[in-house]
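The residues making up each chain are set out below.
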Amino acid sequence: MKKLGLLLLFITLNSFSQKTTIYSIGDSTMATKVNPDTNPEFGWCQVLPTFFKSDVIIDNRAVNGRSTKSFIAEKKWEAVYKVLKPGDYVFIQFGHNDGKVTDSLRYTNPHTAYRYNLIQFVKEAREKGAIPILFSPIARRNFNEQGVLISKHETYSMEMRLVALEYNVPFIDMEYLTESLEIDYGPEKSKQLHLHFKPGEVPYYPEGKDDDTHLSIKGATEIAKLAVSQLKLLTNSQFQNLVKAIK
């Protein structure tokens, strides 16, 4: 009886360890935030588990403020690389902080360092038998006086698209999808997707907040929904487990 119990425990643990894992690497627009019960800010990968069955584990490794350069330099990519196993997926989305020209620790030239950092993620994920997917950076809520949404990431998105084409990596154009989302909501209503609060409106920001980059739970959920809708369209056999795990 004792041996049977140990055998069942082994099978259960082994089954859990063999579950496919989705690792997400990126910046604050993806990252899981502290104090989710009181903090109005959410990353879109923070809410991603609500769109998946228990067939997969979602391990969100995105970190606030990181670029491809700093994510590698701080060995955050190395930590993911070490635990990757065949059949895992790596969701890759950078660009917001790669464009910070006043910060030498984060800035990358889109046509050189950014490009080759993305290639490193792709190649090294594949070395471990994992499957990379590239996501262009999400749009900022950046409407001009005429109500036109002005892009901030087009060069980085284009370079990511070129890497995806050259290395045959699925590319999900989140910049386009989120631009469309912002435009559909319009200059005023789109504030709901981000962090816009008057002084005293929410306890977490007693002095108020006007943030057009980071996401509210509504924004994070809408963007996760867009990402999942595109994942459902992946038809190659290597994505079967991923697609089947979507609710």
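Figured I'd write up the structure that's included with this text.

Criteria and thresholds
- Residues numbered from 1 in each chain as written.
- Predicted model: local features only at pLDDT ≥ 70, side-chain atom pairs only at ≥ 80, totals over all residues.
- Heavy atoms only, no water.
- Helix = DSSP H or I, 4+ residues; strand = E, 2+ residues; numbered from the N terminus.
- Buried < 20%, exposed > 50% of the residue type's maximum accessible area, 1.4 Å probe, protein only.
- Contact = heavy atoms within 4.5 Å.
- Areas by Shrake-Rupley, 256 points an atom, 1.4 Å probe, with all protein chains shown as cover.
- Salt bridge = Lys/Arg side-chain N within 4 Å of Asp/Glu carboxyl O.
- Pairing = 2+ DSSP bridges.
- Polar contact = N/O pair within 3.5 Å; in protein donor to acceptor, adjacent residues only side chain to side chain.
- Expected span 1.5 Å × (residues − 1).
- Bend = angle between axes of the 7 residues up to and from the residue.
- Phe/Tyr/Trp six-rings, centres within 6.5 Å; stacked < 30°, edge-to-face > 60°.
- Lys NZ or Arg CZ within 6 Å of the ring centre and 35° of its normal.

1. Focus on the overall build of the protein
Across its full length, the protein holds eight helices and seven strands. Taken along the three principal axes of its C-alpha coordinates, the protein extends 70 × 45 × 35 Å. Taking all 247 residues of the protein together, the buried fraction comes to 47%. For the protein, the share of sequence-separated contacts (at least 6 apart) that also reach a separation of at least 24 residues comes to 73%. Only carbon and sulfur atoms are counted for the fraction: they give 55% of the accessible area of the protein, which is about 12,600 Å².

2. Side note on the pattern of salt bridges
Inspection of the entire model under this criterion finds 14 salt bridges. A salt bridge links Lys-76 to Glu-74, with the shortest nitrogen-to-oxygen separation between them at 3.8 Å. Its salt-bridge partner being Arg-161, residue Asp-173 comes within 2.6 Å of it at the nearest N-O pair. Remark: Arg-161 occurs in helix H5 (residues 154-167) and Asp-173 occurs in the loop between strand S5 (171-172) and helix H6 (174-189); sequence separation between them is 12 residues. On the basis of relative accessible area, Arg-161 is assigned to the partly exposed category, the value being 32%. It is possible to trace a salt-bridge network through shared partners that takes in Arg-66, Glu-74 and Lys-76.

3. A look at the sheet that holds strand S4 (residues 131-135)
Strand order in the open sheet formed by five strands is S2-S1-S3-S4-S5, with parallel pairing between adjacent strands. The sheet terminates laterally at strand S2 (56-60) and S5, the two strands that pair on one side only. Here five bridges tie strand S1 (residues 20-26) to S2, and the two strands are oriented parallel to one another. Its bridge partner being in S2, Thr-20 is matched across the sheet by Val-56.

4. Here's the deal with the side chain of Ser-190
Secondary-structure assignment places Ser-190 in the loop between H6 and strand S6 (195-197). Engagement of the side chain of Ser-190 in a polar contact is seen with the backbone oxygen of Pro-187, the distance being 3.3 Å. Apart from residues no more than four positions distant in its own chain, Ser-190 is found in contact with Arg-141, Phe-143, Glu-182 and Tyr-185.

5. Digging into helix H4 (residues 113-127)
Compared with the 21 Å implied by 1.5 Å per residue over 15 residues, the 21 Å span of H4 between its first and last C-alpha is a close match. Listing the buried residues of H4 in full gives Tyr-114, Arg-115, Asn-117, Leu-118, Ile-119, Phe-121, Val-122 and Ala-125. Elements in contact with the buried residues of H4: S1, helix H2 (68-73), helix H3 (76-83), strand S3 (89-93), S4 and H5. Two residues or fewer past H4, Gly-129 is found with a positive phi of approximately 85°.

6. A few points about H6
The principal kink in H6, of about 55°, is found at Ile-183, preceding the proline Pro-187 by one to four residues. Those residues of H6 lying buried are Met-174, Glu-175, Leu-177, Thr-178, Leu-181, Glu-182, Tyr-185 and Gly-186. Elements in contact with the buried residues of H6: S3, S4, H5, S5 and helix H7 (217-231).

7. Structural notes on the packing of aromatic side chains
Under the counting rule described, the total for this entry stands at nine aromatic pairs. Judged by centre distance (5.1 Å) and plane angle (65°), the rings of Trp-77 and Phe-121 are edge-to-face. Of this pair, Trp-77 sits in helix H3 while Phe-121 sits in helix H4, placing them 44 residues apart in sequence. Classification of Phe-121 as buried rests on a relative accessible area of 0%. Lys-128 extends its terminal NZ or CZ atom over the ring of Tyr-81, reaching a point 4.5 Å from the ring centre.

8. Focus: unusual backbone geometry
Look at Asn-35: it is not a glycine, yet its phi comes out positive at around 50°. Inspection of the secondary structure assignment puts Asn-35 in the loop between S1 and S2. Residue Asn-35 is classed as partly exposed on the basis of its relative accessible area, which comes to 46%.

Nothing here speaks to function; it is all geometry.
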